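# Close look at the chain arrangement
Listed here are the chains, written in short residue letters.
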Amino acid sequence: MVRKKVPEWLNSTMWSTPPPPPPSSFNDDTLLPSTKMSSMKKEEADTISVTPPPSSTAASSVQSPSARPRNNNGSSSISGEYGNSSSVVVTPSSAEDFSRQAHLSAELSKKVINMKELRSLASQSLPDSPGIRSTVWKLLLGYLPPERSLWSSELKQKRSQYKHYKDELLTSPSEITWRLVRSKGLDNYELKSGNRCMLSRSRITDEDHPLSLGKASAWNTYFQDIETIEQIDKDVKRTHPDIPFFSAESSFARSNQESMKNILLVFAKLNQGIRYVQGMNEILAPIFYVFRNDPDEDSSSHAEADAFFCFVELLSGFRDFYCQQLDNSVVGIRSAITSLSQLVRKHDEELWRHLEITTKVNPQFYAFRWITLLLTQEFSFFDCLHIWDALLSDPEGPLESLLGICCAMLVLVRRRLIAGDFTSNMKLLQHYPTTNISHLLYVANKLRSKMLI
């Protein structure tokens, strides 16, 4: 068989440097993907029951991501896989950024948004200017319709719908019991009396009793949900502890945590086939952060409702990855990992052969986390926002772009991988090095172009 020649542009010294000395030790515990996203042991997942529609932008006076570095070490230097021994500081042309921002603003101000043009602009990564990413993501996720005249009515409808979900699904059983009592004619005197917290035994039906095992019992449902509630609470508190927006002791951060808990719990209750899977908090975090930081006060105040529907829409394309019974099916997570392996083989057979045959690095060891958490654990939070611009802009859906970016990640460290053994390659892929995101997206697009077919 004739091996496909590696394209010359992949061998540029700009992109690779000689590999570092191999590490002296390796922890066997790192052989398995250290992901928090574990597949459910539930029945086959149903189609997600909430179909996301239109919304607006969300906001708050929190630090803009534009004030943050574009990589993990706080600088824009391109080194390691991208340069020789010296660092090259990359400063995007301010004129170019201004031009792109002006183009986006002009597109967003049209009466009818040209979605093809918007996707093209977003695929190059959006500027960090306040409000732009919030509006664009809502359009790309189908939450806002292209017709601007419909935005107000759609937002009003969906936000009202979310409020109804919360009232129905998050109300405590004791409050539900009191509502039932009121509806049965309990007079105001009894409600205002000192005995308000106590109901006479005759007013408590079997279904209202906390020990009831009836399927219609609010208390029975509440106790069944306790485990999910506790898991969501733990995961949300652990979300990006280094970012004050999520984890500071301020009332604002606590409010953000409560909103995220509400979104995840409402989602779990509405989607019994999927419910909550550890790691969903990591997928929700970028969406909620972007919407909550929109400078428009009305949008910011409704970030929870808007983020809920966009979270549902994004997850609908990946729902089968979270059902353990579908892992080995054509729609399961192993099928996606196999697709990535085939993509690598197609574009760089030498690299594929070295990884999977010579060094026995099973792609499941690293790609499981990459795919199920949409790369949120491989890059800094603010770099992920730019990666998600590209994911959400793909008209074929985010999965195709995600696999392309994962393939590009391997290509960009190919020299170190080919020079490495099982131990060094596993460490490299489970702790992916700081990367220039613009260049990563460029290579991913190049890999998908017809030049490599």
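About the criteria used
- Residues numbered from 1 in each chain as written.
- Predicted model: local features only at pLDDT ≥ 70, side-chain atom pairs only at ≥ 80, totals over all residues.
- Heavy atoms only, no water.
- Helix = DSSP H or I, 4+ residues; strand = E, 2+ residues; numbered from the N terminus.
- Buried < 20%, exposed > 50% of the residue type's maximum accessible area, 1.4 Å probe, protein only.
- Contact = heavy atoms within 4.5 Å.
- Areas by Shrake-Rupley, 256 points an atom, 1.4 Å probe, with all protein chains shown as cover.
- Axes fitted to C-alpha atoms, helices over the stretch in contact; angles between N-to-C directions.
- Parallel < 35°, antiparallel > 145°, perpendicular 65-115°, else oblique.
- Left-handed = near helix turned anticlockwise from the far one by under 90°.
- Nonpolar A, V, L, I, M, F, W, Y, C, P; charged D, E, K, R; others polar.
- Phe/Tyr/Trp six-rings, centres within 6.5 Å; stacked < 30°, edge-to-face > 60°.
- Lys NZ or Arg CZ within 6 Å of the ring centre and 35° of its normal.
- pLDDT = per-residue confidence, 0-100.

This part takes up the overall build of the chain. The helix and strand tally for the chain stands at 20 helices and 2 strands. Residues classed as buried in the chain amount to 50% of the 453 residues present. For the chain, long-range pairs separated by at least 24 residues make up 75% of all intrachain contacts whose partners lie at least 6 apart in sequence. Total accessible area on the chain stands at roughly 21,900 Å², and carbon and sulfur atoms take up 52% of it.

Along the polypeptide, Leu402 turns up in helix H17 (residues 398-412). When neighbours within four sequence positions are excluded, Leu402 is seen to be in contact with Phe318, Trp370, Ile371, Leu374, Leu375 and Leu391.

Right, let's get into the packing of helix H3 (residues 132-140) against helix H10 (residues 280-292). Axis separation between H3 and H10 bottoms out at 8 Å; the angle between their running directions is 125°. Judged by the inter-axis angle, H3 sits oblique to H10. Seen along the crossing, H3 lies across H10 with a hand that is left-handed. Where H3 approaches H10, its residues Arg133, Ser134, Trp137 and Lys138 are matched on the opposing element by Pro286, Ile287, Val290 and Phe291. A per-class count over the contact of H3 with H10 returns 5 nonpolar, 1 polar and 2 charged.

On to the packing of aromatic side chains, then. Tallying each qualifying case throughout the model produces 19 aromatic pairs. Ring centres of Tyr162 and Phe308 lie 5.1 Å apart, and the angle between their planes is 40°; this geometry places the pair in the tilted category. With Tyr162 in helix H4 (residues 151-169) and Phe308 in helix H12 (residues 303-316), this pair connects stretches of sequence that are 146 residues apart. An identical accessibility class is assigned to Tyr162 and Phe308; each is buried. Summarising the aromatic geometry, the rings of Tyr289 and Phe381 are spaced 5.1 Å apart at their centres and angled 85° between planes, so their arrangement reads as edge-to-face. Remark: Phe381 occurs in helix H16 (residues 381-393) and Tyr289 occurs in helix H10; sequence separation between them is 92 residues. Phe381 carries the same exposure label as Tyr289, and that label is buried. Among the aromatic side chains, those forming a connected cluster through ring pairs are Phe245, Phe246, Phe252, Phe288, Tyr289, Phe381 and Phe382. Stacked on the ring of Phe291, the Lys or Arg Lys138 has its end atom at 4.4 Å from the ring centre. Taking the ring centre of Trp352 as reference, the NZ or CZ of Arg345 above it sits at 4.2 Å.

Within the secondary structure, Asp235 is located in helix H7 (residues 218-237). The exposure class of Asp235 is buried, given its relative accessible area of 0%. Residue contacts for Asp235: discarding those within four places in its chain leaves Tyr276, Gln278, Gly279 and Asn281.

This part is about the confidence of the model for the chain. When pLDDT is averaged along the chain, the result is 77; 64% of the residues meet or exceed 70. Low pLDDT (under 50) marks residues 11-47, which in the prediction has 105 contacts with non-local residues, meaning those over four places away or in another chain. Across residues 51-92, confidence stays below pLDDT 50; counting only partners more than four residues off in sequence or on other chains, it has 141 contacts.

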